[in-house]
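# Summary of the model geometry
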Amino acid sequence: MKMLRLLLLIATCFLFFDSMGQGNSRLISGDITDSSGTKMPGVTVSVKGTTIATVTDDAGHFSINVPNKSNTLVVSSVGYAPQEVAIGSQTSLSITLQTSTNKLDEVVVVGYGTTKKRDVTGAIASVSSDNLTLGGVVANVGQALQGRAAGVQVQQTNFAPGAPLSIVVRGGNSINTTNAPLYVVDGFITDNGNMINPNDIADIQILKDASAAAIYGARGANGVVLITTKKGAAGKVTIEGNISHGTQYLTYKPDLINGAQYTEVMNAIAVEDGNPPPFPSSFPTTNTDWWNLATQNASVDNQGVSISSGDKNSKLYTSFNHLKQTGVLKHTGYERYSGRIGAEKSIGTKIKMGGNFYGAFSSSTLQSYTGDITAPLFGIMTAPTNIPVYNADGSYYKYLGKNNALASLLEPTNNSSNKLVNANIYLDYDVVKNLTYHIDGGAEFSQTTAGQYTPRTLVAGAASNGIASEQMFNSSRWLVQQYLTYKYNKGDHSLTVVGGYSNQRDSYESLRGDNKGFSTDNFLYYNLGAGSLPTNPASSKTEPLKATSFFGRINYGFQDKILATFTFREDGSSKFPGGNRWGAFPSGAIAYRLSDEKFIKNLNTFSSLKVRLGYGLTGNDRVNPYQYLTTFSNYSTVLDGSGVLQVGIEPSVLSNNSLRWESTAQWNLGIDMGFVQDRVTATIDLYSKKTTDLLLNVPIGQWWGFSTQLINAGSIQNQGIELGINTSNITSKDFSWNSTFNIAYNKQKCIALAPGVPVISTNTANPSGVVSGREFTRLEPGHELGELYGFVYLGVIKTGEKYDAEPNAKPGDPKYADLNGDGVITPDDRKYLGNTNPHYTAGFSNRFTYKGFDLNIFIQSSFGYSLYNMNRLVLESTTGKDILNRFVPGTHENTDVPREGYFLSAYGSYVNSRFVENASYIRLKQVSLAYNLPQSLLRHLRIVENLQVFANVQNLLTITNYSGTDPEVNVHTAANNSPNTTTFSSINNLGGGLDFGVFPAFKTFEFGARLSIH
């Protein structure tokens, strides 16, 4: 931390240095407006042929020192045609910029540098800041990216407040390691980039193919998300504030039976089985709606303020944000405070320094969303509706000695908090003409603390006189990068060469304590020493994990038509043994700008046309440390008749000295097109990528003393096509209409698994106390990750029906297809029932502006996948309305609902086709309407630059045939994007598509205002 403070102090001091002398020059000032006469802030004004530049303030005014020998200004702004303005003898200028639909001259970040969008040779998706500030419910980058970039699949697999999203670029590559992309924020590689306040982001670039991502080598296989934060602008000090309040309403409610119906059905089933009715007439039946008692209309509040200032040599941006969200499920919530400082300082014409600081504190009130019978939502959905919530004395009513469903939700304490600090500084120095040296250094520290307490009001708490636990996890990262950039332009040739070095060090530490037997529940988990039955504490610390890299890139252009990019990165990681510690990751891409050729111009069709072809290698090293070594853990046993546990150590991991990187080879063919002066632009990309040497846990012989070992084996292939279209439909003085559309298709296939491992299976969670988890997904060569696997359901056995494949079945039992025709239902009669990863994803956005009004409509969709609706399975035999349609011998046989569910049948399994549902959907993701008060009303308030009021609705409408919680949910993907952990080996990317006990989905109505003053 001392080093961090020193770096920040140096950066702060430089911000206040006076600029070096400008030489003989004259002061030129002016005002810049658009074609409608509106003042334009943030326009870049530079002196042609020099590095001298400034930007306009909020009033569209600029001042710049121009050397006496220079006579031309270059004026440019994103979305407007650049202009060269002759100065002559003038000292004051009035400049009008015209709208341009050509966005190809925009500068994009490509990793260790920038380039013009028109010169890009790889597959890069860009998302502007306009799409990142959709209102208070957009808590992280993932929510803002959903549906905005072709080939980037974002799923809200868990609707709990503050929950991370699942983000996968061009299909998953790995089975036992994360498929989440790499985040790079202002050049700093971070594991927390998805939790940045979207209001602080200037733009996002997503590197999708290997030719673009290979510059990040061993960590680029899953794609790279480059985030650039705001740095302020020259001009007057500008203060912007925003405030919003939203209300969230449930979009899902299970259809449950009432108390009288529950009594009737349970009694009838008992009598049919020859048992006495569990609810005799003397039982005081009530009518309890557990779902309504457990849920609520929730709120989300967002407040933020930012300050931007600067001059021709300095920029400063500071911000603060507060987000608070209560959950639609009671006793859940999320709150975050965050702040950011971004600064830049130019010192003369050779030196530019900058720094970024980000700090955040977040806290969550959690529940278990793991999807098993111990989770509160399972109890809420399946609790008998004919029993009361409370006893006469106000205590919780317990039926048959079990936990009260509402008490299981409201009584336990389950809190988590995180402190995150990130800071980095950088320096650019122009060594000689065309040669620049860059160095940056940064650090990140994260601390997550969690605590749980089970009080006496619950069965387990009463048995142990309270159960308390607390955990802490710390992680830190130090990163230093330096590189040289050389640019050469002469005649038909342009050349940019980048070469550099990176050094990273990560450390992790954890601590856990548990105790039981408290004299009071008041301490919760804050006084573990007050318990009388402590368990052995657990702690761990890793030696610093080191990663060293050398990288380089060459960009070459001939006549601005033939473009080529070649990158190379060599990574070394202490996660792997010495012989396999280093990996090489090269890539190359070439592009041909056909629109500059005469034969294309003669077609009078394209305003721009470029073809791109790229190939490269990237890697993945995100596994637990020390997997190549034999590591040891605690082991306790009784050695004599005393009954006293003796603590020792035992091997916990079987070593593998051959462990090495996962490697992904990918080729990409792309076409960029523009029509009607680029008012319509389109991008098509075709790709194929193959990941080999998968880091895979495979079964081994028990004689080793272990059940599995991490090895490199198997391969996964992803192939697909992406289309992105941007149109400027109407542009006039008072009205504009712009549209963006993207759609992507991805098909995944397992090429091979490990030798001797024909299939890998994943079990469901336990759906009932009378059965265990069963296989529900299976992977084998020729199939994709997370394919559902089970029996084909044919209905129920009717009275008098003889079904030879189930000879001992009774009327009303489930009936399954004998697929192999051997005359009996066995596990061999199962088949693949559907894939759980969408094959198609799409987004369609329209923005309309009319005078002061701004309307945005955004539609997002996914197609071609299925979910296993385990909620429906459970409810059909407990408290759901479908149980009223169950088979009753001789009374109600015209039904496909079994008499007594699926758990007690001697044939088949509850994992069957009946509960596999098509989850394709089209969602009206966002509708926002904003109104900017006219300047005629604000001109008398001299310091008020703009005042906007807005209304925003999210998840307003979803069109789908899926009957469950939400078509995006998946309780088996939570580990894939869990922050602040290094337990990558716990990830299982095969168990997708399970809807069981997931946090309820909701829609949000929000109102707010934004104010800008200077």
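The name given to the chain in an unreviewed UniProt entry is TonB-dependent receptor, and the organism recorded there is Ilyomonas limi. Per UniProt, the chain has the following entry under Subcellular location (unreviewed entry): "Cell outer membrane". Under the Sequence similarities (unreviewed entry) heading, UniProt states for the chain: "Belongs to the TonB-dependent receptor family."

### Here we look at the overall build of the chain
Counting its secondary structure elements, the chain contains eleven helices and 52 strands. Here the C-alpha atoms of the chain give a radius of gyration of 31 Å, agreeing with the 31 Å that 2.2 N^0.38 yields for 1014 residues. For the C-alpha atoms alone, the extent of the chain along its principal axes is close to 105 × 70 × 65 Å. For the chain, the residues scored as buried account for 52% of the 1014 residues in total. Across the chain, every contact between residues at least 6 apart in sequence was considered, and the portion connecting residues at least 24 apart equals 70%. Total accessible area on the chain is roughly 43,100 Å²; 56% of this is exposed by carbon and sulfur atoms.

### Some points on the sheet that holds strand 4 (residues 61-67)
Across the sheet, which stays open at both edges, the three strands sit in the order 4-1-7 with mixed pairing between neighbours. The sheet is open, and its two edges are formed by strand 4 and strand 7 (92-97), each paired on a single side. Direction aside, neighbouring strands of the sheet carry axes that sit 35 degrees apart on average. Judged from the six bridges that link them, strand 1 (residues 25-34) and strand 7 form a sheet pairing that is parallel.

### Observations regarding the sheet that holds strand 13 (residues 182-185)
Reading across from one edge, 10-15-16-13-14 is the order of the five strands in this open sheet, with mixed pairing throughout. For this open sheet the edge positions go to strand 10 (124-128) and strand 14 (188-190), each flanked by a neighbour on one side alone. When strand polarity is set aside, the average angle formed by the axes of neighbouring strands in this sheet is 25 degrees. Of the pairings in the sheet, the one linking strand 15 (residues 201-207) to strand 16 (residues 224-229) comprises six bridges and is antiparallel in character. Across the sheet, glutamine 205 pairs through a bridge with leucine 226, a residue of strand 16.

### Some words on the pattern of salt bridges
Counting across every chain of the model gives 34 salt bridges. When the shortest N-O distance is used, the salt bridge between arginine 340 and aspartate 200 registers 3.6 Å. In this pair, arginine 340 is assigned in strand 20 (residues 333-347) and aspartate 200 in the loop between strand 14 and strand 15, connecting sequence segments 140 residues apart. Arginine 340 sits in the buried class, given a relative accessible area of 3%. With relative accessibility at 1%, the residue aspartate 200 sits in the buried group.

### Comments concerning the domain arrangement of the chain
The assigned domain composition of the chain is domain 1 (25-96), domain 2 (107-233), domain 3 (254-294 + 371-411), domain 4 (624-658) and domain 5 (763-1013). A separation of 33 Å is found between the C-alpha centroids of domain 1 and domain 2.

### Looking at a nonpolar patch on the surface
Taken together, the side chains of Tyr840, Phe844, Ile859, Phe863, Ile922, Leu956, Leu957 and Ile959 make up a nonpolar region of the molecular surface, amounting to roughly 640 Å² of accessible area. Every element with two or more residues in the nonpolar patch is listed here: strand 45 (840-850), strand 46 (853-863) and strand 50 (944-960). Looking at the nonpolar patch, the element that brings in the most residues is strand 50, giving three residues. Residue position: isoleucine 959 is located in strand 50.

### Observations concerning the environment of threonine 286
Of note, threonine 286 is situated in the loop between helix 4 (259-272) and helix 5 (290-294). Note: C-alpha distance between threonine 286 and valine 389 (103 residues apart in sequence) is 9.4 Å.

### Topic: the side chain of serine 417
Positionally, serine 417 belongs in strand 22 (residues 413-432). By relative accessible area, serine 417 is classed as buried at 17%. If we ignore the near neighbours within four places in the chain, the residues touching serine 417 are Phe361, Ser362, Ser363, Gln447, Thr448 and Thr449.

### Regarding the pairing of strand 27 (residues 545-558)
Two strands pair when backbone bridges link them, and strand 25 (residues 493-516) and strand 27 are joined in this way by 14 bridges, in the antiparallel orientation. Pairing of asparagine 503 across the sheet is with threonine 548, part of strand 27. Pairing of strand 27 with strand 28 (residues 562-573), which is carried by twelve bridges, proceeds in the antiparallel orientation. Bridged to tyrosine 556 within strand 28 is alanine 564. Here strand 27 hands over to strand 28 after three residues, with glutamine 559 in that stretch at a positive phi of 55 degrees.

### With respect to the environment of threonine 630
By secondary structure assignment, the location of threonine 630 is in the loop between strand 30 (608-620) and strand 31 (632-638). Here threonine 630 falls in the partly exposed class, since its relative accessible area comes to 35%. C-alpha separation for the pair threonine 630 and valine 45, spaced 585 residues apart in sequence, amounts to 62 Å. Apart from residues lying up to four places away in sequence, threonine 630 is in contact with Pro651, Val653 and Ser655.

### Concerning the nonpolar core
Counting 74 residues, the largest nonpolar core has Trp290, Tyr868, Met870, Leu873, Tyr910 and Phe999 as its most contacted members. Breaking this core down by element, the ones donating at least two residues are helix 4, helix 5, helix 6 (376-382), helix 7 (405-410), strand 42 (793-796), strand 47 (866-869) and helix 10 (870-876). Apart from the residues within four sequence positions on either side, tryptophan 290 is in contact with Ile380, Ala383, Pro384, Thr385, Ile387, Pro388, Val389, Asn404, Ala405 and Leu406. One finds Ala125, Ala149, Val152 and Ile204 within the second-largest nonpolar core, a separate group that totals 18 residues.

### Some thoughts on helix 4
In this model helix 4 runs 20 Å from its N-terminal to its C-terminal C-alpha over 14 residues, within 8% of the 20 Å that 1.5 Å per residue would give. The distance from a side-chain oxygen at the start of helix 4 to the backbone nitrogen of alanine 260 is 3.2 Å, and the residue carrying that oxygen is asparagine 258. Of the residues one or two after helix 4, glycine 274 is the one with positive phi, at around 80 degrees.

### Quick look at the pairing of strand 20
Within strand 20, twelve of the 15 residues are buried, which leaves the element mostly enclosed by the surrounding structure. Strand direction decides the pairing type here: strand 19 (residues 314-326) and strand 20, joined by 13 bridges, are antiparallel. Looking at strand 20, one finds that serine 314 is bridged to lysine 345. With 15 bridges connecting them, strand 20 and strand 21 (residues 351-365) associate as antiparallel partners. Pairing of glutamate 335 across the sheet is with serine 363, part of strand 21. Where strand 20 hands over to strand 21, the hairpin turn is made up of three residues, of which glycine 348 adopts a positive phi near 70 degrees.

### A word on unusual backbone geometry
At asparagine 434, a residue that is not glycine, the phi angle is positive and equals roughly 75 degrees. Tracing the backbone through its elements, the reader meets asparagine 434 in the loop between strand 22 and strand 23 (435-454). The phi dihedral of glutamine 559 is positive, around 55 degrees, even though this residue is not glycine. Of note, glutamine 559 is situated in the loop between strand 27 and strand 28. Here glutamine 559 falls in the partly exposed class, since its relative accessible area comes to 36%.

### Comments concerning the packing of aromatic side chains
All chains considered together, the criterion is met by 33 aromatic pairs. Here the aromatic rings of phenylalanine 550 and tryptophan 582 are separated by 6.2 Å at their centres, their planes lie at 25 degrees, and the arrangement is stacked. Taken together, the positions of phenylalanine 550 in strand 27 and tryptophan 582 in strand 29 (residues 582-593) put the pair 32 residues apart, joining distant regions of the chain. Aromatic side chains phenylalanine 606 and phenylalanine 675 sit 5.3 Å apart centroid to centroid with 35 degrees between the ring planes, which places their arrangement in the tilted category.

### Observations concerning the side chain of threonine 565
Structurally, the position occupied by threonine 565 is in strand 28. A distance of 2.9 Å separates polar atoms of two side chains, one belonging to threonine 565 and the other to threonine 121. Within the structure, the side chain of threonine 565 is placed 2.9 Å from the side chain of asparagine 555, a separation counted as a polar contact. Not counting residues up to four positions away in its chain, the partners in contact with threonine 565 are Thr121, Arg553, Ile554, Asn555, Ser587, Gly588 and Ala589.

### Topic: the environment of glycine 499
Tracing the sequence through the fold places glycine 499 in strand 25. Classification of glycine 499 by relative accessible area gives partly exposed; the value is 35%. Separated by 334 residues in sequence, glycine 499 and leucine 165 place their C-alpha atoms 35 Å apart. Leaving out residues up to four positions away in the same chain, glycine 499 has contacts with Gln482, Tyr483, Leu484, Phe551 and Gly552.

### Focus: the confidence of the model for the chain
Overall, the prediction assigns the chain a mean pLDDT of 88, with 93% of residues at 70 or greater. Within the model, pLDDT remains below 50 along residues 1-23, and this stretch shows 30 contacts once partners closer than five positions in the same chain are excluded. The low-confidence segment residues 974-986 (pLDDT under 50) makes 35 contacts with residues lying over four places distant or belonging to another chain.

Definitions and cut-offs
- As a convention, each chain's residues are numbered from 1 in the sequence order in which they are written.
- Side-chain atom pairs in this predicted model are given and counted only at pLDDT of 80 or more, local residue features only at pLDDT of at least 70, and totals for whole chains, interfaces and linings cover all residues.
- Only hydrogens and water are removed before side-chain values are computed, so all heavy atoms of the structure are retained for them.
- UniProt positions are given in the numbering used here, feature names are shortened, and annotations may be inferred rather than shown by experiment.
- For the purposes of this entry, the term helix denotes a DSSP run of H or I that reaches at least four residues, the term strand denotes a run of E that reaches at least two, and both are numbered from the N terminus.
- Throughout, the radius of gyration refers to the C-alpha atoms, and the reference size of a globule is 2.2 Å times the residue count to the power 0.38.
- For every residue, the accessible area obtained with a 1.4 Å probe (protein chains only) is divided by the maximum for its type, and the residue is called buried under 20%, exposed over 50%, and partly exposed between those limits.
- A contact between two residues is defined here by any heavy atoms of the two lying within 4.5 Å.
- All accessible-area figures derive from a Shrake-Rupley calculation using a 1.4 Å probe, and residue coverage is judged against the displayed protein chains alone.
- Strands are treated as partners if at least two bridges between them are detected by DSSP.
- Lines fitted to C-alpha atoms define the axes, with helix axes restricted to the stretch in contact, and inter-axis angles between N-to-C directions lie between 0 and 180 degrees.
- For this document, the term salt bridge refers to a Lys or Arg side-chain nitrogen within 4 Å of an Asp or Glu carboxyl oxygen.
- Domain ranges listed in this record stem from an automatic or a database domain assignment.
- A patch consists of residues whose relative accessible area exceeds 30% and which take part in no salt bridge; residues with like charges are grouped when within 9 Å of each other, and nonpolar side chains (Val, Leu, Ile, Met, Phe, Trp, Tyr) when within 5 Å.
- The criterion is simple. A nonpolar core is a set of buried Ala, Val, Leu, Ile, Met, Phe, Trp, Tyr and Cys residues joined through side-chain atoms within 4.5 Å.
- To estimate the expected span of a helix, count its residues, drop one, and scale the result by 1.5 Å.
- Here a polar contact is taken to be a pair of N or O atoms separated by no more than 3.5 Å, where protein atoms must pair a possible hydrogen donor with a possible acceptor and residues adjacent in sequence count only if both atoms sit in side chains.
- Classification of ring pairs rests on two measures: the distance between centres of Phe, Tyr or Trp rings, Trp counted by its six-membered ring, which must be within 6.5 Å, and the angle between planes, read as stacked under 30 degrees, edge-to-face over 60 and tilted in between.
- Every residue is assigned a pLDDT by the predictor, reflecting its confidence on a scale from 0 to 100.

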